[in-house]
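# What the coordinates show
In case you want the letters, here they are:
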Amino acid sequence: MSQLVINNLHVSIDDTEILKGITLTINENEIHAIMGPNGNGKSTLLSTIMGHPKFEVTEGTITLDGEDVLEMEVDERSKAGLFLGMQYPQEVSGVSNADFLKAAINARRDTPVGLFEFVKEMETNIEKLRMKPDLAHRYLNEGFSGGEKKRNEILQLLTLRPKFAMLDEIDSGLDIDALSIVANVLKETQDERKMGLMIVSHYERFFEFIEPTHTHIMMDGKIVLSSDKTLITKIDQEGYDWIDAKRADDVPTHTRPISVASAALKEILGESSD
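Below you will find a few notes about this structure. Everything numeric here is computed off the predicted structure, so don't read it as measured data.

It is worth spelling out the environment of Asp175 at this point. Structurally, Asp175 can be placed in the loop between β9 (164-168) and α6 (176-193). Distance from Asp175 to Gly147, taken between C-alpha atoms, is 7.5 Å for residues 28 residues apart in sequence. Within the structure, Asp175 has its side chain in polar contact with the backbone nitrogen of Asp177 (distance 3.1 Å). Among the polar contacts made by the side chain of Asp175, one reaches the main-chain amide nitrogen of Ala178 at a distance of 2.7 Å.

Successive side chains on a regular strand alternate, one facing one side of the sheet and the next facing the other. Within strand β3 (residues 31-35), five of the five residues are buried, which leaves it mostly tucked inside the rest of the structure. What you see with β3 is no split at all: Ile31, Ala33 and Met35 on one side and His32 and Ile34 on the other are buried throughout. With four bridges joining them, β3 and strand β10 (residues 196-200) adopt parallel strand pairing. Its bridge partner lying in β10, Ala33 is registered against Ile199.

Another aspect to go through is the sheet that holds strand β4 (residues 56-64). Two modes of strand pairing occur in sheets, parallel and antiparallel, and in both the strands are linked by backbone hydrogen bonds. Spatial strand order, β2-β1-β4-β5: four strands in an open sheet with antiparallel pairing. Bordering the open sheet on either side are β2 (16-27) and β5 (67-68), each of which pairs with just one other strand. Of the strand pairs in this sheet, β4 and β5 are connected by two bridges, and their pairing is antiparallel. If you follow Thr63 over to β5, its bridge partner there is Asp68.

What counts and how
Residues numbered from 1 in each chain as written. Predicted model: local features only at pLDDT ≥ 70, side-chain atom pairs only at ≥ 80, totals over all residues. Heavy atoms only, no water. Helix = DSSP H or I, 4+ residues; strand = E, 2+ residues; numbered from the N terminus. Polar contact = N/O pair within 3.5 Å; in protein donor to acceptor, adjacent residues only side chain to side chain. Buried < 20%, exposed > 50% of the residue type's maximum accessible area, 1.4 Å probe, protein only. Pairing = 2+ DSSP bridges.

See the structure below:
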């Protein structure tokens with residue numbers, strides 16, 4: 001069974017700590033929803049796993065099927081079976097979608113993919129995602145709408161066949177019909193290939209389509225709460241404030257800060273403020 005294991009991961013950028021001890025295990029055929037307010041480290045987590053050079057791992061480990069991911073270059077991580085669907089896919093002028101995908105496939109093979117085999121698979125996947133048939137001949141993401149760029153990320157996922165796919169707000173820019181198409185394709189692919197998924201999103205609707213097996217809430221660079229998909233509905237209805245309140249209630253009384261007024265009152269009453 002394939003397994004991606006993140007243990008006590010601490011990550012900094014420009015000497016500022018962003019991730020503060022993330023521990024998470026994702027098995028094949030599981031779907032993990034990663035939620036939380038903006039600016040709390042969700043995208044940093046995914047980018048770090050994929051090897052973005054601006055993020056410095058200061059402590060902790062990441063392993064894929066027992067292999068040390070942190071010792072791998074970005075291309076080696078991809079070949080090992082990791083994939084990142086980016087929040088803001090880049091445009092690459094002069095490189096067609098077909099050339100890009102074919103080169104990516106060949107980088108993983110001992111012998112180049114046959115032209116007929118490649119064209120057949122690409123056309124099949126384009127049809128699954130209901131994308132425009134001229135996609136193969138267009139430059140990578142150039143002139144694409146936001147929704148087209150996101151579907152193109154899923155096209156790459158289908159072509160590269162990763163063990164674990166990380167999707168960073170892949171649903172943003174998709175209308176309701178495209179949202180349903182992308183979610184259904186992902187679910188079918190996951191069922192067929194036993195692929196593990198980590199999905200960052202703020203939208204309950206997308207998770208209604210894809211039905212995560214696990215849900216994690218990230219706040220202040222930590223996973224503060226984990227549950228099943230029912231947690232998504234509670235977040236959608238109540239936001240995140242109740243989690244802050246719950247965390248405060250979970251702090252032992254003797255470790256909570258005592259206000260100056262509270263301490264003064266205790267002194268008047270002759271009680272210790274310890």
